[in-house]
Amino acid sequence: MMQTLIRINNAADISVIVIYFLVVLAVGLWAMYSTNRGTVGGFFLAGRSMVWWPIGASLFASNIGSGHFVGIAGTAAAGGIAIGGYEWNALIFVVVLGWLFVPIYVKAGVVTMPEYLRKRFGGKRIQIYLSVLSLIVYIFTKISADIFSGAIFIQLAIGLNLYVAIIILLAITALYTITGGLAAVIYTDTLQTFIMVVGSFILMGFAFKEVGGYDAFMKKYMEAIPSNVSYGGITIDENCYKPRADAFHIFRDPVSGDLPWPGLIFGLSILALWYWCTDQVIVQRCLSGKNMSHVKAGCIMCGYLKLLPMFIIVMPGMISRILYTDVVACVVPEICEEACGTAVGCTNIAYPKMVVELMPNGLRGLMLSVMLASLMSSLTSIFNSASTLFTMDIYTKIRKRPSEKELMLAGRAFMLLLIGVSIAWVPVVQSAQSGQLFDYIQSITSYLGPPIAAVFLLGIFCKRVNEQGAFWGLMLGLLVGLSRMIAEFAYGTGSCVAPSNCPFIICGIHYLYFAIILFGVSAIVILAVSFMTKPIPDVHLYRLCWSLRNSKEERIDLDADDKEDIPDEKDDESGEEPGCLKKAYNWFCGLDQQKGPKLSKEEEEALKEKLTDTTEVPLWRNVVNINGIILLTVAVFCHAFFA
């Protein structure tokens, strides 16, 4: 097993970490105390009262988990800057999210993405399928990868057992997510973003100073070759350990590149469309916004923040290879096993190793806090969104008319279950994808995400698409994606030294190209089946798709005949005063909110209209539009400069 380096055992580091946890808990408790979390809208959508800067910070923090620090830095150490293209692709899609997708979701008046599909297509099978699939994807990729990478860090820094580290982390995270709802998550995310950016900038400064500036960094990276390159009398092929000749280009050869440029432009855009525009975790942040201008400004702030990972994660990952070549770039299985516990390679420890070795006391504690911040912010977001999906889309199908209190308790109980399943999945992540964590996450999303992206894109922009088309497109897409995923897991991904013997027809197509093929196949099936079956009448589609977005007509919901989400009002209103323990429990779980006066029908209509309103003040609309254009220009410039 890896040598445990107990580096964080001095007063300065420990006190920084303790202060960090106290501040996070204080912010979480403050958010619990000051927001209404006793209603479904308050708990899951923060009462739709968020302003732009917490939205932007929370979008960024939910996206950048510790999986990014470990995974992206590791992939960069192995292959150069191209992985930064993943981050910069998001600059374009946060604009697509704020300008094209969120207005439709807000007008539809939905809490979850599967709920939007139910309104758009009718029927229940698509809604339930998407909810279940999203929960599975969260567990297999996001939650387990984040927990695993956070634990690698704690193990390197403090020498705790992997599972003890995981359980401590989850206990703290669960405390304010389960009790505080989305508002607590968003406010703590804002704090975590600040800590992440400041801490990783400091580390970047130390790294560049150590390596001798940018020019020296470019020269030395190309010379970072491990000293031991033969074992058992065999000399390993030099392609396995020499830095790539195209390490400093984002766009690489379409056939032989490790991230081919057509895949990076088109394949990645499909995955980004799925992740940024249809994923519950991201969209839920936007739905909590006060009004459309705040949502757009939040998206732009997130876009500007996404410029940073190239400089604060990718380049430090490459510098780590220069400073610790023999460990980070090891190729001999025995040496790797000794250095980091996995025989296939040690690039995952590029970033953590630098934190532990380079930072002085006190600052090392700060950087560990950064890692924990990135871990906890993405976990809290996923837990909150997963419990929203379960409660609003699955639980309401099992129980026809649950009370609001019951929905709140179901959501919280589900989070506990999710935590248990995620811990059990960690050992699988440990061994997957030749030790390159980020590739593991991306390849799974390439096999499961494109059909969903196709359904949302066509559902919003092509009103002719109907339920049968969408359903069969999703099913066929799932079959094709799963067959590739299972084959790849069965054959194993192999490593450069011991390649996998998976046939070319299955594993030889790069996962980004596979995403393009899968998206195309799903879209063709959706359109073909839709054109062969009856269209949905316009009366059901007002304000649910782009061409009818500004219609003022009354919409008749496709599911109008089975309205099942009306909560029962028969709560325990027996009139007697609850005891002290019960009062404390009710406050802790946000169940003690005063019953408001019953709204009349007119007031309910007015409230509904306010929640689905997307109008903007002209001045602010122009401000966010100009910023959106600037952001797109910056995205094009960055890609061109590093191409």
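What counts as what
- Residues numbered from 1 in each chain as written.
- Predicted model: local features only at pLDDT ≥ 70, side-chain atom pairs only at ≥ 80, totals over all residues.
- Heavy atoms only, no water.
- UniProt positions renumbered as here; feature names shortened; annotations may be inferred.
- Helix = DSSP H or I, 4+ residues; strand = E, 2+ residues; numbered from the N terminus.
- Contact = heavy atoms within 4.5 Å.
- Areas by Shrake-Rupley, 256 points an atom, 1.4 Å probe, with all protein chains shown as cover.
- Buried < 20%, exposed > 50% of the residue type's maximum accessible area, 1.4 Å probe, protein only.
- Polar contact = N/O pair within 3.5 Å; in protein donor to acceptor, adjacent residues only side chain to side chain.
- Salt bridge = Lys/Arg side-chain N within 4 Å of Asp/Glu carboxyl O.
- Core = buried A, V, L, I, M, F, W, Y, C linked by side-chain atoms within 4.5 Å.
- Phe/Tyr/Trp six-rings, centres within 6.5 Å; stacked < 30°, edge-to-face > 60°.
- Arc of directions from axis to C-beta.
- Axes fitted to C-alpha atoms, helices over the stretch in contact; angles between N-to-C directions.
- Parallel < 35°, antiparallel > 145°, perpendicular 65-115°, else oblique.
- Left-handed = near helix turned anticlockwise from the far one by under 90°.
- Nonpolar A, V, L, I, M, F, W, Y, C, P; charged D, E, K, R; others polar.

Per an unreviewed UniProt entry, the protein goes by the name Sodium/glucose cotransporter 1 and belongs to Anas platyrhynchos platyrhynchos. Quoted verbatim from the Subcellular location (unreviewed entry) field of the UniProt record, the comment on the protein reads "Apical cell membrane". Regarding the protein, the UniProt comment filed under Sequence similarities (unreviewed entry) reads as follows: "Belongs to the sodium:solute symporter (SSF) (TC 2.A.21) family."

Participant: Account for the overall build of the protein, with residues named and values stated.
Facilitator: Within the protein, the regular secondary structure consists of 26 helices and 2 strands. Taking the contacts inside the protein whose residues are at least 6 apart along the sequence as the reference set, 83% of them involve residues at least 24 apart. Accessible surface, the protein: about 25600 Å² in total, of which carbon and sulfur atoms supply 66%.

Participant: Please give an account of the side chain of R285 that cites residues and values.
Facilitator: Residue position: R285 is located in helix α11 (residues 280-287). With relative accessibility at 0%, the residue R285 sits in the buried group. Of the polar contacts made by the side chain of R285, one reaches the backbone oxygen of V281; its length is 3.5 Å. Apart from residues no more than four positions distant in its own chain, R285 is found in contact with I55, S58, L59, S62, L182, V185, I186, D189, S381 and S385.

Participant: Account for the environment of T141, naming residues and giving values.
Facilitator: Counting through the fold element by element, T141 comes out in helix α7 (residues 125-158). Under the relative-accessibility criterion, T141 is labelled buried at 1%. The residues contacting T141, other than those within four sequence positions of it, are D146, I441 and I444.

Participant: Give a description of the pattern of salt bridges that names residues and reports values.
Facilitator: Enumeration over the complete set of coordinates arrives at 10 salt bridges. R125 is the partner of E467 in a salt bridge, and the nearest nitrogen-oxygen pair spans 2.8 Å. In this pair, E467 is assigned in helix α21 (residues 467-491) and R125 in helix α7, connecting sequence segments 342 residues apart. A relative accessible area of 12% means that E467 is categorised as buried. Taking the shortest distance from any N to any O, the salt bridge between K219 and E223 comes out at 3.6 Å. Look at K219 and you get exposed, because its relative accessible area is 55%. Taken together, the shared-partner salt bridges in this structure form one network comprising R244, D246 and R252.

Participant: Help me get a handle on the nonpolar core, residues and values and all.
Facilitator: Core analysis: the biggest nonpolar cluster contains 188 residues, and Y105, Y116, I143, F217, W276 and Y351 have the highest contact counts within it. Per element, the largest residue contribution to this core is 18 residues, and it comes from α7. Counting 6 residues, the second-largest nonpolar core is a separate cluster that includes V229, I236, V331 and V332.

Participant: Help me get a handle on the packing of aromatic side chains, residues and values and all.
Facilitator: Within the structure shown, the criterion is met by 21 aromatic pairs. The interplanar angle of 50° and the centroid separation of 6.3 Å between the aromatic rings of F101 and Y105 together place this pair among those described as tilted. Note that F101 and Y105 are positioned in helix α5 (residues 84-108) at a spacing of 4 residues, about one turn of the helix. Given the relative accessible area of 0%, Y105 is considered buried. Here the aromatic rings of F390 and F414 are separated by 4.2 Å at their centres, their planes lie at 5°, and the arrangement is stacked. Taken together, the residues F390 in helix α17 (residues 363-398) and F414 in helix α18 (residues 404-431) connect sequence positions 24 residues apart. Assessed through its relative accessible area of 17%, F390 is described here as buried.

Participant: Quick rundown of helix α15 (residues 333-340)? Include the residues and the values.
Facilitator: C336, A339 and C340 are the residues of α15 that are buried. The buried residues of α15 occupy an angular sector of 70° when projected down its axis, which confines them to one face. Buried positions along α15 lie against α14 (325-328).

Participant: Give a detailed account of the packing of α5 against helix α13 (residues 309-323), specifying residues and quantitative values.
Facilitator: One can describe the packing of α5 onto α13 by two numbers: an axis separation of 10 Å at closest approach and a directional angle of 165°. Between α5 and α13, the angle is such that the two are roughly antiparallel. At the point where α5 passes α13, the crossing takes the right-handed sense. Taken together, the residues of α13 that come into contact with α5 (itself represented by G84, E87 and W88) are P309, M310, F311 and V314. In the contact of α5 with α13, the residues fall into 5 nonpolar, 1 polar and 1 charged.

Participant: Tell me about the side chain of Q280, and please be specific about residues and values.
Facilitator: Relative to the elements of secondary structure, Q280 occurs in helix α11. A polar contact of 3.3 Å, which involves the side chain of Q280, links it to the backbone oxygen of V111. With sequence-adjacent residues up to four places away left out, Q280 is seen in contact with V111, T112, M113, P114, Y138, S385, T388 and L389.

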